[in-house]
Amino acid sequence: MYDPSHLRTFLTVAGTLSFTRAARRLGLRQSTVSQHVRRLEDATGRQLFTRDTHSVELTEDGEAMLGFARRILEVHEQATAFFGGTRLRGRLRLGASEDFVLTRLPEILEGFRHEHPEVDLELSVELSGTLHEELAAGKLDLVLAKRRPEDPRGEPVWHDRLVWIGAERLRLDPDRPVPLIVYPPPGITRARALDVLQRHGRPWRVVCTSRSLNGLVAAARAGLGVMAHTRGLVPPGLVRVPDRAGLPDLGRVDFVLVHGRRRPSAQQAADALAAAILAGGDRLHRPQRPGPL
């Protein structure tokens, strides 16, 4: 009923909110992208996007289709691997940013390991900026991280907004510099926070620096200051800083999958893992399930 190529096109348009950018990333004509979406809408009998000359937005039915499309493609990938008669082998080096530590990414990786037991998966958890540097140096095969503002590469996994968060009891003094809890350079979130504050003429001071998300969260829970963080992944014990605090808007952030240099021994495994992550992308918006006490 639902053509996998149409579903992949739909997910790319949903990730970019642009038929033009989706066509460029898929290597298709824009008319083909429009045709894929139209055929999927015909198959569902529902409108999936509202679009005019200036913008593209998901409808309510389109939002629902996101989860279905990812699960359908995940099962399609599993069936293809099972009946294709080929078993993936080799060493695959995946880099994932700290943002995914508290999500259900481990469930996706566990499923991949179950489907491809002969792939040796090496996971590096680092700052997004560091991961992009290691990818460029040939030290990683696949990276799941925030997109650098100046870098158009990467297949969208999802997009969200950056917000200011802190302890619920924290009160900011408008006459004093903003107390910041940040990653060290080359953290992408750090750079965004400092740039936004500077552009709005807000003085700031760094009260805590840590390469570990747990370290930043501990400092924020202690009430030392505020940190910039993805809106959909706010850690327990922290809340969004209210608008009345007067902190400037941090804007949107895109999470993408970026392939490194195509090593023959890792290419098929990297493609399979990328497909699994894209298919299970909705699980990256959710916190890990609590373990047994």
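Residues numbered from 1 in each chain as written. Predicted model: local features only at pLDDT ≥ 70, side-chain atom pairs only at ≥ 80, totals over all residues. Heavy atoms only, no water.

Trainee: Help me understand the pairing of strand β3 (residues 90-97), please; the structure alone is not making it clear to me.
Mentor: One face of the sheet, then the other: side chains in a regular strand alternate in exactly this way. For β3, the tally of buried residues reaches six of eight residues, placing the bulk of the element in the interior. Of the strand pairs in this sheet, β3 and strand β4 (residues 119-126) are connected by eight bridges, and their pairing is parallel. Residue pairing across strands places L94 opposite L123, the latter belonging to β4. Of the strand pairs in this sheet, β3 and strand β5 (residues 142-146) are connected by three bridges, and their pairing is parallel. (Buried < 20%, exposed > 50% of the residue type's maximum accessible area, 1.4 Å probe, protein only. Helix = DSSP H or I, 4+ residues; strand = E, 2+ residues; numbered from the N terminus. Pairing = 2+ DSSP bridges.)

Trainee: Is there a simple way to think about the packing of aromatic side chains in this case?
Mentor: For any pair of aromatic rings, geometry is given as the distance between the ring centres together with the angle between the planes. Here the structure, examined in full by the defined rule, presents five aromatic pairs. The interplanar angle of 50° and the centroid separation of 5.4 Å between the aromatic rings of F10 and F49 together place this pair among those described as tilted. Taken as a pair, F10 in helix α1 (residues 4-16) and F49 in strand β1 (residues 49-51) lie far apart in primary sequence, 39 residues in all. Take F10: its relative accessible area is 0%, and that puts it in the buried class. Taking the relative accessible area as the measure of exposure, F49 reaches 0% and is therefore buried. (Phe/Tyr/Trp six-rings, centres within 6.5 Å; stacked < 30°, edge-to-face > 60°.)

Trainee: For this particular structure, what's the right way to read the pattern of salt bridges?
Mentor: Should their charged atoms come close, side chains of opposite charge can pair. Scanning the entire structure with this criterion turns up 13 salt bridges. The salt bridge partner of R91 is E122, with a shortest N-O separation of 3.3 Å. Note that R91 is positioned in strand β3 and E122 in strand β4, a separation of 31 residues in sequence. One salt bridge connects E126 with R211, and the closest N-O pair in it is separated by 2.8 Å. (Salt bridge = Lys/Arg side-chain N within 4 Å of Asp/Glu carboxyl O.)

Trainee: Whenever I open this one, the packing of α1 against helix α3 (residues 30-44) confuses me. Can you help?
Mentor: Each pair of packed helices can be described by the angle between their axes along with the distance between the axes. Running from N to C, α1 and α3 point in directions that differ by 110°, and their axes come no closer than 9 Å. As summarised for this structure, α1 and α3 are arranged roughly perpendicular, according to the angle between their axes. Of the residues in α3, those in contact with S5, H6, L7, T9, F10 and V13 of α1 are V33, H36, V37, R39 and L40. A class-by-class count of the residues in the contact of α1 with α3 yields six nonpolar, four polar and one charged. (Axes fitted to C-alpha atoms, helices over the stretch in contact; angles between N-to-C directions. Parallel < 35°, antiparallel > 145°, perpendicular 65-115°, else oblique. Contact = heavy atoms within 4.5 Å. Nonpolar A, V, L, I, M, F, W, Y, C, P; charged D, E, K, R; others polar.)

Trainee: Would you mind showing me how to read helix α9 (residues 264-279) here?
Mentor: An α-helical turn contains 3.6 residues, so a residue and the one three or four places further along point in the same direction. Compared with an ideal rise of 1.5 Å per residue, which puts 16 residues at 22 Å, α9 spans 24 Å between its outermost C-alpha atoms and is within 8% of the ideal. Every buried residue of α9 is accounted for by A266, A269, A270, A272, L273, A274, A276, I277, L278 and A279. (Expected span 1.5 Å × (residues − 1).)

Trainee: Could you clarify how one ought to interpret the nonpolar core in this entry?
Mentor: Judged by nonpolar contacts, the single largest core of 44 residues is most densely connected at W164 and L284. Of all elements in the fold, only β3, α5 (105-115), β5, β6 (155-166), β7 (178-182), α7 (188-199), β11 (252-259) and α9 reach the threshold of two or more residues within this core. The element contributing the most residues to this core is α9, with nine residues. Leaving out residues up to four positions away in the same chain, L284 has contacts with F100, T103, L105, I108, L144, V157, W158, L233 and I277. (Core = buried A, V, L, I, M, F, W, Y, C linked by side-chain atoms within 4.5 Å.)

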